[in-house]
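Residue-level structure breakdown
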Amino acid sequence: MHDRPIAEKIDPSLAAELRRPLPTYRAVFNSGMTAIALLLTALAILPLGSILLEILIRGGQNFSWAVFTNIPAPVGVTDVPNGFGNAILGTLMMVGIASAIAIPVGVLTGIFLSEFGRGTKIGNSIRFIITILTGIPSIIAGVFAYGVLILNKVTQFSAVAGGFALAVIMLPIVALTTEEALKLIPNHQRLGSAALGANRLQTTFRVVVAAAIPAITTGVLLAVARAAGETAPLLFTALFSISWPDGLFNPTPALSVLIYNYANSPDIGQNQMAWTAALVLVGLVLCISIISRIVTRRKQ
Amino acid sequence: MSEPHVENNRQFPLQSESDLAASSGKFAWFDQGFTWLVYGLAFAMVALLFWISFIIFENALPAIRQFGLSFLWSQEWNVADLKFGALPFIFGTLVSSALAMLIAVPVGLAVALITSEDILPASVRSPIAFMVELIAAIPSVIIGLWGIFVLIPFLQPIQQWLYDHFAWIPLFSTPPAGYGMSSAGVILAIMVLPTMAAISREVLLAVPKELRSGSMSLGATRWETIFGVLLPAGISGIVGAAILALGRALGETMAVTMVIGNTAQISPSLLDVAYTIPAVLANEFGEALDGLHVGALMYLALILFLVTLLVNIASVALVKFISRHN
């Protein structure tokens, strides 16, 4: 049964067909689609390359340390140092306020999802709600902050209102990334800790969270980067100002809002300054997100 | 998100479920308090969603009372006369997002295929995936800045050519200003591309290797395998990705505001200026003084909120459905 070579068992016409090269239309379709897919992929990367290049070239022209230490010079005045230090400070203030609210609440919610609610109905429903929250447009977060704080006269347009809006955006991101980080911690570490007599609080903080700190930090940094670049919710919660931030309860400038205002300005000098501000903001945001991505990749 | 978790405290027989959670000693109160705190904050997140809905609805009430549902199809937006209609904004939001999807779905799928199949060596594939995802990290106001000063000057000759040669088609029937619906569509496509590409890629990578090998061993070429096996196997996930990208496109504000022209009108021409709901919210909220004006803007926000909520629920449910069935 096994003595005849396989080739002799195959029908000669079928063997001929198998040896024939691919019909032309199939070969053309195959390589044509590959070419189209490669072309579209190149097209997809093009904007990123262009954006980064333009920011470097156009933003680099006016870049100097003076932009960090000065406030915007009046339009048309050239003998005064021009900068946007106030907007950088305002952004840091509002991201700080948002982080102070969102990081503790978000991390604890992440702990709930991973340590308390895992596999339970309540846990899954809450995770679903939080996932939905991440998809809410950032401008809605701004409308919400405006409705809660400004329409109710809790505060006027201010850093607090802006920070509150940013916190709403950061919260679900921090919660979900914390959960992901905690999920990576093997279960036997928890059991080991519990077996040694630790209670839930001790197990969670001394064993689980301690081991997941790098990954949690990554998630938090991503959320911070996201918040630092947000513009829409700040337009009508923090408003803007051309002077140094004056406390937490007054209109506050932000780097992103400054870019928006300068981009739409008829003044060419301000247009150029928008690119310089973009260089600073992108530098900030990309550094954070690249660092965090490298950290996560190494962890996995 | 892998669903079948090992459940925490049910791995070995316990006398009662609360044994592990139960604690004693001097830290017992801390432990109890911590448990309550964590539960409380988790429910606060649920409350947040309802709070957002409530605040927007409550503040939209004056406008809802005044205009009712006719707000949805009336076209006039006049702040001075306190006449408000949402149709031009709804039109602009839907059309610009549809245009974005038209571009982003095929390009995103191409990126997903290139980065998940072995057409290119792995050392090239992962940087490509990384770079496409990096677009999502760039603040949208900066993409808008690039849109105004780089993309629009680049698109304008193309738009002019379309107008010169195809003005008889209503889609290209107005002289291009650079700013407008088509520029907004392109910008939006760029912005939702990472969402589309990343999720489709994950879905394609999750298709079992055996299906691929089976198809290839039957003599199908690479692209016959992709169209005949991979895409059908991943279709629900890809649709989920597209819906999620649509949700992003509907709510995207800054980049669109900066290139769409911000004129409340309904024009069949893609070269004409338009306006979207997020854009009008961004532009008018800071200066809204009259209660009815605020109400009308809140009404618009409510529409946007409900639409994006539905779109998000649909996509999350769809993606969840797939991960469960894989």
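Residues numbered from 1 in each chain as written. Chains lettered and ligands numbered in written order. Predicted model: local features only at pLDDT ≥ 70, side-chain atom pairs only at ≥ 80, totals over all residues. Heavy atoms only, no water.

1. Quick look at the UniProt feature "domain: ABC transmembrane type-1" (unreviewed entry) in chain A
Cut-off, in case you're wondering: UniProt positions are given in the numbering used here, feature names are shortened, and annotations may be inferred rather than shown by experiment. Helix and strand definitions here come from DSSP, where helices need a minimum of 4 consecutive H or I residues and strands a minimum of 2 consecutive E residues; each element is numbered from the N-terminal end.
In the UniProt entry, the feature "domain: ABC transmembrane type-1" (unreviewed entry) is given for residues 88–292 of chain A. Segment residues 88–292 of chain A splits into 77% helix and 0% strand. End C-alpha atoms: 22 Å apart.

2. Description of the pattern of salt bridges
All names here are of chain A. The following threshold applies: Definition used for salt bridges: Asp or Glu carboxyl oxygen within 4 Å of a side-chain nitrogen of Lys or Arg. Working definition: with a 1.4 Å probe on protein chains only, accessible area under 20% of the residue-type maximum means buried, over 50% means exposed, and in between means partly exposed.
Taken as a whole and assessed by the stated rule, the structure comprises eight salt bridges over all chains. A salt bridge links R58 to E54, with the shortest nitrogen-to-oxygen separation between them at 2.7 Å. Placement of both R58 and E54 in helix α3 (residues 24–61) is noted, with a separation of four residues, approximately one turn of the helix. Residue classification places R58 among the partly exposed positions, given a relative accessible area of 27%. With a relative accessible area of 18%, E54 lands in the buried category.

3. Considering the interface of chain B and chain A
Quick note on the threshold: The contact rule is simple, with two residues in contact once any of their heavy atoms fall within 4.5 Å. Buried area: the accessible area, evaluated with a 1.4 Å probe, that two parts lose upon being put together, summed over both parts. N or O atoms within 3.5 Å of each other form a polar contact, as long as, within protein, one can give a hydrogen and the other can take it, and as long as residues adjacent in sequence are counted only when both atoms are side-chain atoms. Nonpolar residues are Ala, Val, Leu, Ile, Met, Phe, Trp, Tyr, Cys and Pro. Charged residues are Asp, Glu, Lys and Arg, and all others, Gly as well, are polar.
Across the boundary between the two partners, chain B contributes 89 residues, which contact 92 residues of chain A. Here chain B packs against chain A, burying approximately 8200 Å² in sum over the two surfaces, 78% of which is carbon and sulfur. At the boundary of chain B with chain A, the tally comes to one salt bridge. With a closest N to O distance of 2.8 Å, E224 of chain B and R26 of chain A form a salt bridge. Connecting chain B to chain A are nine residue pairs in polar contact (both at pLDDT 80 or more). Its residues assigned to classes, the side of chain B that touches chain A shows 67 nonpolar, 16 polar and six charged.

4. Description of the environment of I185 of chain A
Residues and elements named next belong to chain A. Tracing the backbone shows I185 in the loop between α8 (159–183) and α9 (187–195). Separated by 23 residues in the primary sequence, I185 and V208 have C-alpha atoms spaced 6.5 Å apart. Those residues in contact with I185 that sit more than four places away from it in its chain are R190, V208, A211 and A212.

5. A look at the UniProt feature "transmembrane region" (unreviewed entry) in chain B
All names here are of chain B. Taking the numbering used here, the UniProt-annotated feature "transmembrane region" (unreviewed entry) corresponds to residues 36–57, 89–114, 134–158, 178–204, 225–246 and 296–319. Helix makes up 100% of residues 36–57 and strand 0%, with an end-to-end C-alpha separation of 31 Å. Here residues 225–246 is 100% helix and 0% strand, with 28 Å between the C-alpha atoms at its ends.

6. Some details on the domain arrangement of chain A
Defined as follows: All the domain ranges listed were derived from an automatic or database domain assignment.
Here chain A is partitioned into domain 1 (1–38) and domain 2 (85–299). Computed from C-alpha atoms alone, the centre-to-centre distance between domain 1 of chain A and domain 2 of chain A is 56 Å.

7. A few points about unusual backbone geometry
Of note in this structure, K153 of chain A is not a glycine but carries a positive phi near 60°. As for its position among the elements, K153 of chain A is in the loop between α7 (138–150) and α8. K153 of chain A sits in the exposed class, given a relative accessible area of 72%. Phi angles above zero are rare outside glycine, and N262 of chain B is one such case at about 50°. In this structure, N262 of chain B sits in the loop between α8 (254–259) and α9 (277–284). Relative accessible area serves as the criterion here: at 25%, N262 of chain B is assigned to the partly exposed category.

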